[in-house]
Amino acid sequence: MAENGLKKKLNIAVVGGGLVGSLEALYLAKRGHNVSLYEYREDIRNTPQVRGRSINLALSVRGRTALKDVGLEDHIIQNHGIPMKARMIHRTDGSTYEIPYDARTNQCIYSVGRNYLNGLVLKETENYTNVEKHFNHKLIEANLQKGALTFLNTDTKGTVQVNADLIIGADGAFSAVRKAMMKQPLFDYSQKYIEHGYLELCIPPTEDGQFQMPANYLHIWPRGNFMMIALPNQDCSWTVTLFMPFQNFKAIDSEETLLDFFTKYFPDSIPLIGRKRLVEDFLGGSPSPLLAVKCRPYNVADKALIIGDAAHAVVPFYGQGMNAGFEDCTLLDRLFQYHHDDLAKILPEFSETRWRDTFAISDLAMYNYIEMRDLVTRPSYLVRKAMDDFLFWLLPGVWVPLYNSVTFTTMPYSHCVKNREWQNTVLLYLFYFIIFCVFVGVWSYLR
Ligand SMILES: Cc1cc2nc3c(=O)[nH]c(=O)nc-3n(C[C@H](O)[C@H](O)[C@H](O)COP(=O)(O)OP(=O)(O)OC[C@H]3O[C@@H](n4cnc5c(N)ncnc54)[C@H](O)[C@@H]3O)c2cc1C
Ligand SMILES: Cc1cnn(-c2ccc(OCc3ccccc3)c(C(=O)O)c2)c1-c1ccc(Cl)c(F)c1
């Protein structure tokens, strides 16, 4: 707050015009600050889909809450997002069965196009004269304490010096802003590449432009150490993502080994993708790596902050990365409101209150990745899921399964984990009680 009691207009540089950076620029613009958004790539509204980034994503409640704040939720839900009300599990014999997310309240997640959503948010910033967007600007140097940034203009090959009251790094998993933060004392950082990579394939629409599979489902082919999913697109195609260890990708190096593999594990997908298209896209592509990043704190004094994948890149096995990054923007906006734009209070409080939840979703996603291999084959998982679903039906306000609390509520991620631990304890005692009753019953019968 300025001395005269009026709100001080901050000059804020947002580095990264991806999903989270463009949303954060919009949030800050709505607060009246002067925002300069710097993006390495060209304006995605003028370029085709970037390979090596998922083409569509699952949007759930946390992401929707952010979009509602900036007035874009209704547009996305009514005009673009495709509701997925259940999982459609595909067995190896090609048969399928569905598991609703929540039959009682028709909860669903939405499949949204990455480029469409990013472009929509960028377009919305054009309604604010206090937002400048600079594409083809790559951050190459940062003095965070001084609020000084140096960009390479990849068009002119010249450099651009920028000074800002606040630097927000939303420049993704390989963040240059985070790299500058790592020079700060007491900055903790860890990263992990998992052994799995991912490759995207496409199930095209039928000749008359319809979906080849039931549309309102998240299709999952769980196969132990690898799994495949498909999310629907607006053009009635499907973006199929195969997650598999790199060594397995490497072993599939010919049309014959490819078709043998798909015939064994995903036979129903071959006619859907098309043999020719499958061979071309699989052998013509290469799997992308999956990286998890954990770090803290997210701020440097009242000068700089990292959000989104720059702060907490997670493996995609919970469909929460973008949702978590959007939630960063929501929580940051609440702090701006509460502390009247006082960065000396906002930034440290964001770091201190957020890291437990981002660590929790990172661990949950990694847990899902590890557990998924056994989940669908291990009887104990299936029993647990059945008990979860029954108790959720019996006590909906009390017993919320882990996936539902993460995906369909804004319960802090760390509370979702605590909630699960409480449920595990209850089920364990319930299991012991059942064993005890069986024992007493058998003992009484045999007496
Ligand atoms: C296979 C896969 C599936 C996924 N599925 C889902 C899902 O279903 N649901 C979900 O919620 N999340 C999902 N995610 C995660 C989601 O994609 C990310 O969490 C999200 O894109 C993070 O957004 P971001 O803006 O923080 O980072 P990014 O999307 O990586 O954007 C960072 C931006 O910064 C720019 N940039 C980078 N370096 C610089 C620099 N030096 N100077 C200037 N600009 C720079 C980049 O060009 C980019 O535009 C998935 C991820 C993967 C890999
Ligand atoms: C993109 C996105 C959005 N949500 N989810 C998701 C995650 C976990 C889930 O449950 C654990 C489970 C999944 C698969 C098999 C058994 C249990 C469920 C579910 O239950 O529907 C849904 C994903 C996703 C992302 C990657 C893979 Cl590989 C995947 F399968 C799903």
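As shown above, the structure is provided for reference.
I will try to describe carefully the structure that is included in this document. (Residues numbered from 1 in each chain as written. Chains lettered and ligands numbered in written order. Predicted model: local features only at pLDDT ≥ 70, side-chain atom pairs only at ≥ 80, totals over all residues. Heavy atoms only, no water.)

### Remarks on the site of ligand 1
Thought 1: By nearness alone, 30 residues border ligand 1, and Glu39, Arg41, Ala58, Arg114 and Asp309 come closest of all.
Thought 2: Residue tyrosine 40 places a main-chain N or O atom 3.1 Å away from a nitrogen atom belonging to ligand 1.
Thought 3: Protein chains shield 89% of the accessible area of ligand 1, which is 1,000 Å² for the free molecule.
Thought 4: At the level of elements, helix H1 (19-30), strand S3 (56-59), strand S9 (137-143) and helix H11 (321-338) are the ones that each hand at least two residues to the shell around ligand 1.
Thought 5: Its residues assigned to classes, the shell around ligand 1 shows 13 nonpolar, 10 polar and seven charged. (Near = heavy atom within 4 Å. Polar contact = N/O pair within 3.5 Å; in protein donor to acceptor, adjacent residues only side chain to side chain. Areas by Shrake-Rupley, 256 points an atom, 1.4 Å probe, with all protein chains shown as cover. Helix = DSSP H or I, 4+ residues; strand = E, 2+ residues; numbered from the N terminus. Nonpolar A, V, L, I, M, F, W, Y, C, P; charged D, E, K, R; others polar.)

### Quick look at the sheet that holds strand S11 (residues 159-163)
Thought 1: Strand order in this open sheet of three strands is S9-S10-S11, and the pairing throughout is antiparallel. The open sheet has two edge strands with one neighbour each: S9 and S11. Across the sheet, the mean angle from the axis of one strand to that of its neighbour is 25°, orientation sign disregarded.
Thought 2: In this structure, strand S10 (residues 148-153) lies alongside S11, joined through five bridges in antiparallel fashion. Across the sheet, the residue bridging to leucine 149 is valine 162, located in S11. (Pairing = 2+ DSSP bridges. Axes fitted to C-alpha atoms, helices over the stretch in contact; angles between N-to-C directions.)

### Details of the pairing of S10
Thought 1: Relative to S10, S9 runs antiparallel, the two sharing six bridges. Directly across from leucine 139, in S10, lies its bridge partner phenylalanine 151.
Thought 2: Here S9 folds back onto S10 in antiparallel fashion, the turn holding four residues, of which glycine 147 has a positive phi close to 65°.
Thought 3: Count of turn residues in the S10/S11 antiparallel hairpin: five residues, of which lysine 157 carries a positive phi of about 65°.

### As for the packing of helix H2 (residues 61-69) against H11
For any two helices packed against each other, the geometry comes down to the angle between their axes and how far apart the axes lie.
Thought 1: Between H2 and H11, the least distance of the axes is 7 Å, while the angle of their chain directions is 45°. Compared by their axis directions, H2 and H11 come out oblique. Read as a crossing pair, H2 and H11 show a hand that is left-handed. Residue-level contacts link Arg62, Gly63, Thr65, Ala66, Leu67 and Asp69 of H2 to Asn323, Phe326, Glu327, Thr330 and Arg334 of H11.
Thought 2: Partitioning the contact of H2 with H11 into residue classes produces three nonpolar, four polar and four charged. (Parallel < 35°, antiparallel > 145°, perpendicular 65-115°, else oblique. Left-handed = near helix turned anticlockwise from the far one by under 90°. Contact = heavy atoms within 4.5 Å.)

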